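Report on the structure
These are the residues of each chain, in order.
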Amino acid sequence: MTASIRVLTTSSLDSSPSLLIVSPNGSKTLINCGEGCQRSFLESSSKAGVGSLRVSSVNRICLTHIDHDAVGGLPGMILTTADVAEAAAIEFRQQQQQQHNGKKSSGEEQHHKRKASFISNEGIPDLEIVGPAGTKSFLHSLRHFMRRDRFNVHAYEGQFDSSKLNDTSSHRHTLNKRAKKKMQKDNEDTSFTVESIPVSYTPISNNNGTTPKQAVSYVFTTPPIPGKFLIERARELKVPMGPLCGQLKAGNSVKFIDPDTNEERTVHSTDVVAKASPGVGVAVVYCPTKQVFDELKSCTIMRSFEKDSILESTDDASSSVQLDAIVHLTPKTIFESDTYQSWCERFESGVDHVTLHVAESIEERAATDNPSPFVSAMRGGVRRSFVDCGLFPMPEIPTSDDNKGLPSSSTFIEGCPMMEYLLMPRSKRGLNKHTMNSLYSTTEMEDLEREEQTMDALKLAKTIKTSIPVDPNGNDGSKLGELIFTGTGSAVPCKHRNVTGMYLRMNNGNSMLLDVGEGTVGQLLQSWKSTTRQTTSSTLVNEYHSRIQGIKAVWISHPHADHHLGLLRLLSERSAICGSNDPITLMAPPNMFAFLAEYQLVVPEIKGSYVELDCRDLSAGQQKSPLCSKLLDELGIRCTSVQVTHCPYSYAVIIDG
């Protein structure tokens, strides 16, 4: 049996910390699902030394808080998981139908039986989502633009303990009795128990006042690990091989007739089974403020793992779990404080500390200087820049000097994308050495250019470019507007391209977005980082702020999730910069406004960050809203909506100006 912590992403301009807790039975719990989370699953297949990951393998999602960096990718994750589950269900039902058409081979029958153990009669497994207060409200608000009626999502808020749930709650009740019994036994023996630690706090004052929030940390534990069955010792004691060995493994004593003496002999489990070792323990700590930290360090469950508590305790249950690692989702300023470091020292020396510092602002993200975890997309950007670096700016790829080396102390480990920390077997506990390398090779640029030249693609592209007519007036367009495609992908996740989004900058420097798919803001920040001439961190951040503040309007063409989920981060980041004094003009279908009205009850920071302009009110002859004048003043444009055939409330836009 193996168990591990898999880091998916860290704080960077286009990603937020997320990780997987992999149970010994293979079930996976995802911690936070920010923008681009699904793309990180696809990137895992490109990382040497670790197995690839599938979105459908996640059966539980634990949220530390409700904001764009924790839930920005959650709706898309739910949709993908539901669609994959539906496809598996269809395949399962087809296999059932084929049983009537001919006899299966023994191998096919075994595969079919294994599938039947985990798929209900309808064939669609469920998903658990655990989070702070507001989780259910957020999930309920998604009904305005997405539905998967046959896919059940079970939501839990605040205090949560998976050991008190029905063991088969993650699957439909239509499982047959044998499958239920097998699942219950597997979960008891080899899955992590999850317990939440919710902490209510008052965030630092923002532009819309303060509203109490809840931060949630989690503790994952397994049952004690059974001792190894000592088969040679069993043979010495003349134990017959077979069912009696199974009873001894289960902790029972057995009686049998000794073949040499013909007398009854009793053998106890302790005679042939090594002593059990404590279960595995992992804590995921989320401390956005000092107030949360002060509450967390005094909670009972965390104190039970401290050295002094272990020495003082006489309860056998206290030694049934050994804390192996703590993952710190904590701002760097708090983590490096003396009080926080002193708290880390309270735990036993064998506890490893994995740091995934959260960054709650653009300033903090820029300060991390972490490269993008979306390697495939960055490599694609480099290839395009070889054609024309003016048209396709060269993305920033880390050089050999930028690659971070191994941590100086095995106790404190700085997390990086795709890193794996092994928990079981304990003999191999620690970092998987094959995952310690940088995402980018030291010869990345040279390798990519050599690859392009070998395939003749670069030469062909440059030939085509030379055939494009040049403006006879010598105008290179640098003083005109700008159009950036932040994504050209579809609803199906892709590691090479982001989902839909376009950035249109006008001659006056102000701009608008045409659709804002998940990850749009991150794409823009990476693009601006490539093109800006600012060199210091502070001037670069000022440039980011200026350009985000310059986004005066957003057009959402229709309510499909891949066209608007990036709004959550855009409104949050822009509100932090501008407050409610300079709201965006949001042109969108009516159900988008219904969704945002409910979302801001959970995330009040975005209140006042936008003004509503219904797409239906922009059809020809209906443009009477005062906001139309606002568009003309700020962007110099008029927008006309045209209804199109796609889904309800789908509109194209004509921009005139």
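Residues numbered from 1 in each chain as written. Predicted model: local features only at pLDDT ≥ 70, side-chain atom pairs only at ≥ 80, totals over all residues. Heavy atoms only, no water.

Focus: the nonpolar core
Generally speaking, soluble globular proteins have nonpolar side chains that are buried together. Rules: Side-chain atoms within 4.5 Å link the members of a nonpolar core, which is a set of buried Ala, Val, Leu, Ile, Met, Phe, Trp, Tyr and Cys residues. Relative accessibility under 20% of the residue-type maximum defines a buried residue, over 50% an exposed one, and the middle range a partly exposed one, all with a 1.4 Å probe and only protein chains included. For this analysis, residues touch if any pair of their heavy atoms sits within 4.5 Å.
By size, the foremost hydrophobic cluster in this structure holds 75 residues, and its most contacted members are L30, F41 and L74. In this structure L74 touches C33, I61, L63, I129, F138 and L139, once residues within four positions along its chain are discounted. Judged by nonpolar contacts, the second largest core, of 55 residues, contains V280, V282, A283 and Y421.

Details of the pattern of salt bridges
Defined as follows: Should a side-chain nitrogen of Lys or Arg be within 4 Å of a carboxyl oxygen of Asp or Glu, the pair is scored as a salt bridge. In this text, helices come from DSSP runs of H or I with a minimum length of four residues, and strands from runs of E with a minimum of two, each type numbered from the N-terminal end.
Taken as a whole, this structure holds 28 salt bridges when the rule is applied. In this structure, the salt-bridge partner of K290 is D294, at a minimum N-O distance of 3.1 Å. With a gap of 4 residues between them, K290 and D294 both fall in helix α10 (residues 290-296), about one helical turn apart. For D294, a relative accessible area of 29% gives the class partly exposed. Taking the shortest distance from any N to any O, the salt bridge between R429 and D352 comes out at 3.9 Å.

So, the sheet that holds strand β16 (residues 430-431)
Convention followed: Should DSSP find at least two bridges between two strands, the strands are regarded as paired. Lines fitted to C-alpha atoms define the axes, with helix axes restricted to the stretch in contact, and inter-axis angles between N-to-C directions lie between 0 and 180 degrees.
One open sheet accounts for 8 strands, arranged β6-β5-β4-β3-β2-β1-β15-β16; its pairing is mixed. With one partner strand each, in any of the chains shown, β6 (153-157) and β16 form the two edges of the open sheet. Bridge count for strand β2 (residues 18-22) against strand β3 (residues 28-31) is 4 bridges, and the pairing is antiparallel. From the neighbouring strand, L20 faces β3, where its bridge partner is L30. The strands touched by helix α3 (residues 74-98) are β3, β4 (58-62), β5 (127-131) and β6; relative to β5, the strand with the most contacts, the crossing angle is about 165°.

Points about the packing of helix α16 (residues 375-385) against helix α17 (residues 444-454)
What counts, and what does not: Between 65 and 115 degrees an angle is taken as roughly perpendicular, under 35 as roughly parallel, over 145 as roughly antiparallel, and anywhere else as oblique. In this scheme the handedness of a crossing depends on how the near helix is turned from the far one: anticlockwise by less than a right angle means left-handed, clockwise means right-handed. Residues are grouped as follows: Ala, Val, Leu, Ile, Met, Phe, Trp, Tyr, Cys and Pro are nonpolar; Asp, Glu, Lys and Arg are charged; all remaining types, including Gly, are polar.
The interhelical angle for the contact between α16 and α17, taken along N-to-C directions, is 60°, at an axis separation of 10 Å. By the angle between their axes, α16 is oblique relative to α17. In this structure, α16 meets α17 at a crossing whose hand is right-handed. Of the residues in α17, those touching α16 at R379, V382 and R383 are E444, M445, L448, E451 and E452. For the contact of α16 with α17, the class distribution of residues is 3 nonpolar, no polar and 5 charged.

Some points on the packing of aromatic side chains
As a reminder, the rule being used: Classification of ring pairs rests on two measures: the distance between centres of Phe, Tyr or Trp rings, Trp counted by its six-membered ring, which must be within 6.5 Å, and the angle between planes, read as stacked under 30 degrees, edge-to-face over 60 and tilted in between. In this analysis the charged atom, NZ for Lys or CZ for Arg, is taken to sit over a ring once it is within 6 Å of the ring centre and within 35 degrees of the ring normal.
Scanning all chains against the criterion turns up 13 aromatic pairs. Judged by centre distance (5.1 Å) and plane angle (45°), the ring pair of Y156 and F160 falls under tilted. The buried category is assigned to F160, whose relative accessible area is 4%. When the ring of W343 is compared with that of F347, the centres are 5.2 Å apart and the planes differ by 80°; the resulting orientation is edge-to-face. Just as W343 is buried, F347 falls in that class too. Ring pairs connect the aromatic residues F293, F335, Y340, W343, F347 and F412, which therefore count as one cluster. A cation sits over an aromatic face here: R39 above F374, 4.5 Å from the ring centre.

Section: helix α19 (residues 520-531)
Stated formally: Between the first and last residue of a helix there are one fewer steps than residues, each counted as 1.5 Å, and that sum is the expected span.
The terminal C-alpha atoms of α19 lie 17 Å apart, and with 12 residues this matches the ideal 16 Å at 1.5 Å per residue to within 8%. Among the 12 residues in α19, 9 count as buried, and that is most of the element. Considered for burial, the residues of α19 that qualify are T520, V521, G522, L524, L525, Q526, S527, W528 and K529.

Focus: the sheet that holds strand β17 (residues 482-487)
Pairing is mixed in the open sheet, where 6 strands are placed in the order β17-β18-β19-β20-β21-β22. Bordering the open sheet on either side are β17 and β22 (610-614), each of which pairs with just one other strand. Between one strand axis and the next, the sheet turns through 20° on average, direction left out of account. Looking at chain direction, strand β20 (residues 551-555) and strand β21 (residues 584-588) are connected through 3 bridges and run parallel. When the sheet's bridge partners are listed, V554 is paired in β21 with L586. Sheet contacts for α19: β17, β18 (501-505), β19 (511-516) and β20; angle to β17, the most-contacted strand, approximately 125°. Strands in contact with helix α22 (residues 590-602) are β21 and β22; relative to β22, the strand with the most contacts, it is inclined by about 155°.

Honestly, it's all geometry; don't read function into it.
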